[in-house]
Each structure stands twice: as structure tokens, then as C-alpha cells.
Amino acid sequence: MWAYASRLKQCTHTATRGKGASDLSKSARRQSRRIAHQGRAGPRTGDMGGGYTYDFGRLFESDPVGGSKHEATVFMLHGLGDTGDGWSFAGNQLRIPGVRWVYPTAPTRPISCNGGMPMPGWFDIKNLPLDASALDEGGAVSKSDLDRHVDGSGVEESVRYLLDLVRKEVEERKIPAEKIVLGGFSQGGHVVARAALECDLPIAGCVVLSSWVGHPAAGGAKRRLPFFVGHGEADPMVPAVLAKKSDDLLRSLGHDVTFRTYAGVGHSCNMEELDDLKDFLVDCLEDKAALPPMEEAASLSAGKLKQLLVSRGVDVTGCLEKGDLVEKLKSLY
């Protein structure tokens, strides 16, 4: 079992060394890590309280590139066996002005698929690789299916921890929730998806890489959220079929999903995926004009209403009448 966890750790530390990723700038990784280590590593979150079973590790941070003003924040959660440092290249590699990146570190806990030996993990995972044949053939992955693979209580604590960080970002750094994106790889992707679905703040979007989405608890997000779901088609750890199930689930819940798979890529990501990720983040975080009141928007001509919906990422396929467009409009309010 250790071989699986060891390979997973290697994948997250070398996240873009897969097919098509050989041109990732090593200097960018080194520079970002220097930023993280030069006074940019935050406290261990055990010092923050919260009543967690295990203390969460250090926060690594990258300031907005080029000294640009901090206007948005992306939280990026690593995979099993890694730390926040493992993804700390992302901010400097993608270079989106105004964005501060935060890379939390999971607690060190016993991991069943690692023979019970401790390693950083957002929750205990019982089997690696995940066995797609043991999951439902059709539709979304059920909660009972997921419970056979993961420890639900650990997921819940990690979700609570992440949402505490989001609230702190809003309250202390005064960053609007609409300018915050939650992202994660593998285990981290599972946590951020749950957190996004259960968050009562209007965050900008969610990124799920090489992972899977579970059913949210009751309550939480009441608005349509943009999701980016990216997955390598040759992933030996988390089969690509789980990405499709995640896409199906999110769409069934009414969310706007950008779904991408990458030929020849294993449990990692390549430059093409990073480029797609950057496009998604820029779109999520760009300033958009405030929506007019619902009644005013509904009174627009069909053509203008359609333009408004498309500009907000709403799929208007099949909307043949203005009444169809008005029904779509309701998802924005």
C-alpha cells in the first residue's frame, strides 16, 4: 500500500511533469518556494483552536505577482502525503495579477492505505487506487460508495477548517467572498468540492483536479457555482470515470461545470491543464457589472437577455422562447 501513497506524493510534488509538461519552469517553482519560505509560511493551525482531532499543518502563501494589489484569493489544497509547499509553484506559474495564493497543509494522521502509518492527509483513505468497479455503474457516486473508501468524519473536519480560513480571509483581510476560489488536487479536490457545496458565502468558484465529488450535507450553497473539473485519462489512482460522475453530480445540482480530460496524463496535471485552469480562474475572478434587479432584467428583449445570460456563463442551449430565458435568469438571483 505504501507504494500507492508514495507514487501519489511524487505526483503531487511533480504535478506538471506528466506528458506535455516538460516545459514547466523550474525557476518559477524555485522562486515560489523561496516566497513561501521567506516569512510566508503561516502558523500551524493547531494554534488557532477549533477543536480539531488533529492539528493542521502550516499555511504556505504567495503574494500577488509583481507587487499587484491583493484583490482576490485562491486556496489550493494538496493531495495525500504532500504539504502546502507541494503546490506553492502555482501562483508564480499562473501569474494572475491581484491574486494571493494560500496553500494549507493537512494534518499528519494514520492512513489506512499506508498500513496505518501516519502521513499528511485531509482524511483517512482506505483504498488506493480507488476501485471504480466497486462504485455505481451509472449516475453520481453514492454516499455509501464513498464511505467504503474514505473516513467521512475526517472530510467534515477538513471542510470546516477550510471554511474557517475562508471566513477569516473575508473578515480580516476584507476580501469579498465573490473574489475567493477554492481549489484542490486529489484528496484536496474532494475537500474543496464539499466545502464549496456547503459554503454559505457567495464564493467565486471551485477547482477539482484529479479527484472526485461527494454528496454535500444539507444546506450550504443556494446559488449556481462555477466548477472546473480536470482529470488525466490515464489516472491510475482515481479513475477518470469518477471525474465524469463528479461532472454529472454537479450538473444535477444546477452548477456550471467546465469539464476537461487530458489524454495520456496520469495522477498529475500538465501544462494544458494549467492553461485551462488559468482561463477558468481569470473568468471567475474578473469584475463583472452588477446585475440589474430581477424585474428589470426580465423585461429586457430576448436578444439582450440572452447576451446577459451568456456573459454570466449560463448555458442557454434549448431556450427557444423568452420564457425559457427568464427561467434561466432566476439561477443568477
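The structure we're discussing is the one just above.
As a convention, each chain's residues are numbered from 1 in the sequence order in which they are written. Restriction of local features to residues with pLDDT of at least 70 applies here, the model being predicted, together with a cutoff of 80 or more for giving and counting side-chain atom pairs; totals for whole chains, interfaces and linings are based on all residues. Note that the side-chain values use all heavy atoms of the structure and ignore hydrogens as well as water.

Participant: Please explain the pairing of strand E10 (residues 256-262) as it appears in this structure.
Facilitator: Side chains on a regular strand alternate between the two faces of the sheet. Any two strands with at least two DSSP-identified bridges between them are counted as paired. Here a helix means four or more residues in a row that DSSP labels H or I, a strand means two or more in a row labelled E, and each is numbered from the N terminus. Direction of pairing for strand E9 (residues 226-232) relative to E10: parallel, over a ladder of seven bridges. Along E10, the bridge assignment pairs Phe 227 with Val 257. When the strands point away from the viewer and the connection leading from the first strand across the helix to the second strand turns clockwise, the crossover is called right-handed. As a crossover connection, the stretch from E9 through helix H7 (residues 240-252) into E10 is right-handed.

Participant: Just checking my understanding: could you explain the pattern of salt bridges for this structure?
Facilitator: Pairing between side chains of opposite charge can happen when their charged atoms approach one another. Just to be clear on terms, a salt bridge is a Lys or Arg side-chain nitrogen sitting within 4 Å of an Asp or Glu carboxyl oxygen. Inspection of every chain in the model, using the stated rule, returns 10 salt bridges. A salt bridge links Asp 164 to Arg 167; the shortest N-O distance between them is 3.8 Å. Placement of both Asp 164 and Arg 167 in helix H5 (residues 152-172) is noted, with a separation of three residues, approximately one turn of the helix. Per-residue accessibility, obtained with a 1.4 Å probe over protein chains only, is compared with the maximum for each type, and a residue is labelled buried under 20%, exposed over 50%, and partly exposed between these values. Judged by its relative accessible area of 31%, Asp 164 is partly exposed. Accessibility expressed as a relative area gives 30% for Arg 167, which makes it partly exposed. In the salt-bridge network here, residues are joined through shared partners; they are Glu 61, Arg 100, Glu 169 and Arg 173.

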